[in-house]
Amino acid sequence: MAANPKPKVRMLDCGEAINAAFREEMRRDERVVMWGEDVITMESPTAGADLCTRGLFEEFGGDRIRDTPVVEAAIIETAIGAALAGLRPIAHVMTGGFQMGCFDPIFARLGTAYQEWKHPGTLPVVVMASVLGGAAKGADHALSPEALFMHSPGLKVVMPSTAYDTKGLLKTAIRDDFPVMFYTHREVMIREEKEAIPDEEYLIPFGQADVKRNGEDVTIVTWSGMVLRALAAAEELAGEGIAAEVVDLRTLVPMDVDTIVTSVRKTGALLIVHEAMKRAGAAGEVAMRVAEAAPDVVRTLKAPIRRLAAKNVALPTSLRIERRLVPQVGDIVQAAQDLVQESM
Amino acid sequence: MDIPEEKLLWMYRTMVTTRKLYETMYEMYRHGSSLGNFVAGEGEEAIPAAICANLRREDSYKPNFRQTSCLFAKEGYELADIFSGNLFDAERGYLGFSLALGEDVGVYTGFALAAQMRGTDQVCVCTFGEGTASKGSIHEAMVTAAAWKLPIVFVLQNNQYCGGTRYSKVYRFDDLADRARGYGIPGRSVDGNDVMATYAVVREFVERARTGGGPGLIVAETYRLSPYFERAPGEIVIEGYRPEGELEEARGNDPIPRFRKTLSELGLLTDEDVERIDREVEDEIARAMSDGRQRPRVDYDQYIQYAVAEL
Ligand SMILES: Cc1ncc(C[n+]2csc(CCOP(=O)(O)OP(=O)(O)O)c2C)c(N)n1
Ligand SMILES: [Mg+2]
C-alpha cells in the first residue's frame, strides 16, 4: 500500500493546546515548574478553561506542579524568588481581575525591581490568567488588564485569540528569559470548533501580529477575545460590500507596529477595538505608535483614527448592561461603517 | 442554654428559608439568561442564622460570598430584597462584597472603625471562607482590628473546601481558631452545623465587641454540600475531588434535619409544624420573588451615571 502522507495534525481546543504546550516544555526543560490555586485539583488554572493542566501532576510530580492556597501575592513573589534561584516558573492567578490583589508583586517586583536594582541575570516568569469577558461575571473576573501591565517597564504582554496561536506563543513565553504576562480569553477557551494543531513543534515569536482576514477598506486592529467579534463583524461587513482587514496583534508588548502600518497604508482607515475600558486603554498606545512610526500614513488617512472600547464605568454583573458597555459585533460593524463612510 | 423559644423557631425557619432560597435561585439561574456564576451554601445555613439572630438593624453583616442571599435574615432586610438585585445599603450595614476574595474584610473593618470613632454601639460580623482566610489583606484587616480594639467579629467559615482543595492540604494545624492568638484576640471553634452552639458563641463575641471588648475570631466548622460553583453554559466544573462517600456522609450531618430533631426532642416542633413551615416558606419565597422582581432595577441609563467623567 502506498504511504499515506497524512498531515500530522491533531484537532485541539484551546485548553488542550495549552496542555500540550505545558507538557512539551516541562519535558524539554526540567526547570519549568508551575503553581497556582487548584492547578492540580481542578485541572483548570486559567478560569473558564478546560483541563489545561490535566495529567501534568501524574507525569511531572508534586515537586514541579503545586496547588497553592488563595495567596495571589505569594504566588507571584515566590515565582520571582524561584526564578532568581534558577527555576522557570509559570505562576497561575486565575483571572486578570484577581491580579489587582497582587498588583505590587506583578507591576513593581516582577516588572520593575530587576531593572531598578540592575539584576545581572535572567528572570524567567510566566504569569498566566484568563479574561472572563462576555458573561456578566463583573470586574473582578472579567477585567482585561493589559493597559495596566503594559505600563510596567519590564513586562511583556501576550493575548492570543486562537488555540494555534496560544500554543506557539505560550512555548515562546516559557522559553523567554524575562517576565511575560499571558492572558487567555473565556470566549476563545470555550469555542466549540477545534483547531488543527501540528504535532511538530512550532513557536510563534513575540512582536508578530497576524492578519486574520484581508481587506482593502478599513483596518481593524484588535487582540484576545475581541478578534472573534471583529472577524464576525468583518463577515457582516463583507455582506455590505465593505472589506475589513482584521489585524490580531497577539502581543501588546512588544507591539508589531509595522504590520499595522502596512495595513493602514493600504486601507487608509484605522479602527482599534478592545474589550478593556476606553480611558487610558491600549488603543491610545496603538494609535500613537502608528503616528510616531509612520507620520506619512497618518497624514494621508482617509478619516481620523477611531477606537471602540468599553465605556468608562465598572464592568457590571448584569448581562443586559454589559452588552451595552462592551463592544459587540454590531458595534464593530457600525463603527467600521461610519469610518468607511467618513473616508469617502 | 437559655435561648428563647421564639428565637429557636426563628432560626429554624431562617435555615429552611435559606435552603429553599438556594433551590429557587438555582432554578432561576438554570432557566434564566443571566450567566455570571451561581454559588450556593447548602449545608452551611446554620451559621448565618445564628449570626443574624444576634444582630440589630444598624449593625453590619457580611455573609460568606456564597451566602449573600442570607441577608434576608438580617434585621432591616427582607426576602424581596434578595430578588430585587439591589442589596448594597450602608444604612442597613451591607457594604457589598468583593468577588476578588478577601478584599472586603478590610472594608467591613472600616465600618467597625467608624462605629468606634462615632461612639455608637454598632458591631460588624464579617464572614469569610477558610480558603479566603489565606489572603494577605485579611491579615492586615485583623491586625488593624486588634490594634484598635474594633467592634468586629470575624467568622471563619470552614466548609473544608476551597475550590477543589481540602483545607488540611494547606493548613498545618487542626484548630483554625489558634490563629487568633497571633493577633492577640479571642478565638473559638464551634460546630457550625449546630445552630444553638453557634448562636451562643456569636452572642458572646458580639456582646464583647458591642461593649468595647474588641474583636474576636470564630471558626465555624461545617461542610460545603454545594458544588464549587455553577458556571455559565459551555464552561466546565470538575467535582471529582471529594473522596468517595464523603458527600453522602456529610449529608447525614445536614444542619437542618439535625436542628429539626433537636427541636422536636425539646417538644417545640411537631411533624405538622415542619410541614406547615415548609409550605409557608415556599409561599413567602414565591411572593417575595414576584414583589422583588417588580421593584425597579438599575437599568443601563442609571448605571452609567456612575461614570465620573466622560463615558
Ligand atoms: C482573590 C481571589 N482568588 C481566587 C478566587 C477564585 N475563587 C472563587 S471561590 C474560591 C474558593 C474560596 O474558598 P473559601 O474561601 O473556602 O470559600 P467557600 O467557597 O468554601 O465558601 C476561589 C479560590 C477569587 N474569587 N478571588
Ligand atoms: Mg471553604
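Residues numbered from 1 in each chain as written. Chains lettered and ligands numbered in written order. Predicted model: local features only at pLDDT ≥ 70, side-chain atom pairs only at ≥ 80, totals over all residues. Heavy atoms only, no water.

Observations concerning the coordination of the magnesium ion (ligand 2)
All names here are of chain B.
- Looking at the metal site, the magnesium ion (ligand 2) is ligated by Glu130 (OE), Glu130 (OE), Asn159 (OD1) and Tyr161 (O), spaced 2.0 to 2.7 Å from it.
- For the magnesium ion (ligand 2), the 6 donor atoms in the first shell make angles of 51 to 169° at the metal, a pattern classed as irregular.
- Along the chain, the residues that donate to the magnesium ion (ligand 2) are spaced as E-x28-N-x1-Y. Placement of the pair is Glu130 in the loop between β2 (124–129) and α5 (136–147) and Asn159 in the loop between β3 (152–158) and β4 (161–162), with a sequence separation of 29 residues.
- The class for Asn159 is buried, based on a relative accessible area of 3%. (Donors = N, O, S within 2.8 Å, 3.2 Å for Na, K, Ca; no water. Tetrahedral: all angles 85-135°; square planar, octahedral: opposite > 155°, others 65-115°. Helix = DSSP H or I, 4+ residues; strand = E, 2+ residues; numbered from the N terminus. Buried < 20%, exposed > 50% of the residue type's maximum accessible area, 1.4 Å probe, protein only.)

Some remarks on helix α14 (residues 329–343) of chain A
Residues and elements named next belong to chain A.
- Here α14 is 15 residues long and its end C-alpha atoms lie 21 Å apart, about the 21 Å a rise of 1.5 Å per residue gives.
- Buried within α14 are the following residues: Ile332, Val333, Ala335, Ala336, Leu339, Val340 and Ser343. Along α14, the residues classed as buried sweep out an arc of 170° about the axis, all on the same side. (Expected span 1.5 Å × (residues − 1). Arc of directions from axis to C-beta.)

Quick notes on the confidence of the model for chain A
- This prediction gives chain A a mean pLDDT of 95; 96% of its residues lie at or above 70.
- The lowest-confidence element of chain A is helix α5 (residues 139–142) of chain A, averaging 91 in pLDDT; the highest-confidence one is strand β11 (residues 244–248) of chain A, averaging 99. (pLDDT = per-residue confidence, 0-100.)

Observations regarding the site of ligand 1
- The environment of ligand 1 is made up of 20 residues, and the closest members are Glu72 of chain A together with Arg66, Leu99, Thr132 and Asn159 of chain B.
- Residue neighbours of ligand 1 fall on chains A and B, so the site bridges chains.
- The side chain of Asn159 of chain B places a nitrogen or oxygen atom 2.6 Å from an oxygen atom of ligand 1.
- Expressed as a share of its isolated accessible area of 580 Å², the protein-covered part of ligand 1 is 97%.
- Residue composition of the shell around ligand 1, grouped by class: 10 nonpolar, 6 polar and 4 charged. (Near = heavy atom within 4 Å. Polar contact = N/O pair within 3.5 Å; in protein donor to acceptor, adjacent residues only side chain to side chain. Areas by Shrake-Rupley, 256 points an atom, 1.4 Å probe, with all protein chains shown as cover. Nonpolar A, V, L, I, M, F, W, Y, C, P; charged D, E, K, R; others polar.)

Brief notes about the domain arrangement of chain A
All names here are of chain A.
- For chain A, the domain assignment lists domain 1 (9–198) and domain 2 (210–343).
- A straight line from the C-alpha centre of domain 1 to that of domain 2 covers 26 Å.
- Three residues stand out in domain 1 for area buried against domain 2, namely Ala136, Met150 and Met159, and they jointly supply 25% of the buried area on that side.
- Across the contact surface, domain 1 and domain 2 share 3 salt bridges.
- Residues Lys212 and Asp165 are paired through a salt bridge, measuring 2.7 Å at the closest nitrogen-oxygen approach.
- At the surface where domain 1 touches domain 2, the tally comes to 13 residue pairs in polar contact (both at pLDDT 80 or more).
- Here the residues of the side of domain 1 that touches domain 2 are counted per class, giving 15 nonpolar, 7 polar and 6 charged. (Domains from an automatic or database assignment. Buried area = accessible area lost by both parts, 1.4 Å probe. Salt bridge = Lys/Arg side-chain N within 4 Å of Asp/Glu carboxyl O.)

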